[in-house]
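Architecture and fold: a report
So you can see what is in the structure, the chains are spelled out below.
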Amino acid sequence: MSNRLFQGLIYQMKDTVNRVIGVLDENGVVISCSDLARIGELHGAVQDRMVYSAERFCAEGFTYRVLGGNGRSEYTVFVEGEDEVAETLCGVLSVTLSNMKGMYDEKYDKNSLIKNILLDNILPSDIYIKSKEFRFAPDVSRAVFLFRFNSKS
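Residues numbered from 1 in each chain as written. Predicted model: local features only at pLDDT ≥ 70, side-chain atom pairs only at ≥ 80, totals over all residues. Heavy atoms only, no water.

1. What about the environment of Phe 78?
Tracing the backbone through its elements, the reader meets Phe 78 in strand E5 (residues 76–80). Residues Phe 78 and Arg 65 lie 13 residues apart in sequence; the distance between their C-alpha atoms is 6.5 Å. Dropping the residues within four chain positions of it, Phe 78 is found in contact with Val 20, Ile 21, Gly 22, Val 23, Leu 24, Val 30, Cys 33, Phe 62, Thr 63 and Tyr 64. (Helix = DSSP H or I, 4+ residues; strand = E, 2+ residues; numbered from the N terminus. Contact = heavy atoms within 4.5 Å.)

Written out as structure tokens, the structure reads:
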């Protein structure tokens, strides 16, 4: 699903940037790109560097930067060129796409929904709607534990 999410933003930025921009998955395959003919290409020479590099790096006429920078390289942004403009575009794309992916993951994450219910950080009407979206079974037997602490005064 992230492929479509990335492709929408990259396609919108295509005319503004005037360079080839895109996203690689963890295997070095182009999953979204401003040049649609490049989707599915393998950037194999860069694959080893993506795993170990947290910062940007340049190779084969492109500038690359790992999304998020949290140590786990799930996606990598690339921009055509090895100059300062490419570095800047790569940084901006990395921040934008990682924030967009984070919001998308949070919106469609069951664990986040459960956490929000337990912390009372969600409206009661939203609980029903979200539970239907996540296909929670409403007729399943559930157990609740209640603890009472008596004060000794």
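2. Considerations on the nonpolar core
In this structure, Phe 6, Val 23 and Leu 97 are the most contacted members of the largest nonpolar core, which totals 15 residues. The set of elements that each furnish at least two residues to this core consists of helix H1 (2–17), strand E1 (21–24), E5 and helix H3 (84–107). In terms of nonpolar packing, the next biggest core, distinct from the first, is built from ten residues, Val 20, Phe 62, Tyr 64 and Phe 78 among them. (Core = buried A, V, L, I, M, F, W, Y, C linked by side-chain atoms within 4.5 Å. Buried < 20%, exposed > 50% of the residue type's maximum accessible area, 1.4 Å probe, protein only.)

3. Some details on the pattern of salt bridges
Enumeration over the complete set of coordinates arrives at three salt bridges. Salt-bridge contacts for Asp 83 lead to Arg 19; the nearest nitrogen and oxygen are separated by 3.0 Å. Pair noted here: Asp 83 is in the loop between E5 and H3 and Arg 19 is in the loop between H1 and E1, with a separation of 64 residues, a long-range link. Relative accessible area serves as the criterion here: at 32%, Asp 83 is assigned to the partly exposed category. The exposure class assigned to Arg 19 is partly exposed, which follows from its relative accessible area of 22%. Of the charged contacts, one joins Arg 38 and Glu 41 as a salt bridge, the two residues approaching to 3.9 Å between their closest N and O atoms. Taking the relative accessible area as the measure of exposure, Arg 38 reaches 21% and is therefore partly exposed. The exposure class assigned to Glu 41 is partly exposed, which follows from its relative accessible area of 33%. Three or more residues are tied together by salt bridges with common partners; here these are Asp 35, Arg 38 and Glu 41. (Salt bridge = Lys/Arg side-chain N within 4 Å of Asp/Glu carboxyl O.)

4. Digging into the packing of aromatic side chains
Under the criterion given, the structure shown has five aromatic pairs. Ring geometry for Phe 6 against Tyr 75: centres 5.1 Å apart, planes inclined by 80°, an arrangement best described as edge-to-face. A residue pair is termed long-range when its members are at least 10 positions apart, and Phe 6 in helix H1 and Tyr 75 in the loop between strand E4 (62–66) and E5 qualify at 69 residues. The class for Phe 6 is buried, based on a relative accessible area of 0%. Using a relative accessible area of 11% as the deciding quantity, one classes Tyr 75 as buried. For the ring pair Tyr 64 and Phe 78, a centre distance of 6.2 Å and an interplane angle of 45° mean the geometry is tilted. With a gap of 14 residues between them, Tyr 64 in strand E4 and Phe 78 in strand E5 connect regions that are remote in the sequence. When sorted by exposure, Tyr 64 lands in the same class as Phe 78, which is buried. A connected cluster of aromatic rings, assembled from ring pairs, spans Phe 57, Phe 62, Tyr 64 and Phe 78. (Phe/Tyr/Trp six-rings, centres within 6.5 Å; stacked < 30°, edge-to-face > 60°.)

Shape is all these values report; function is a separate question.
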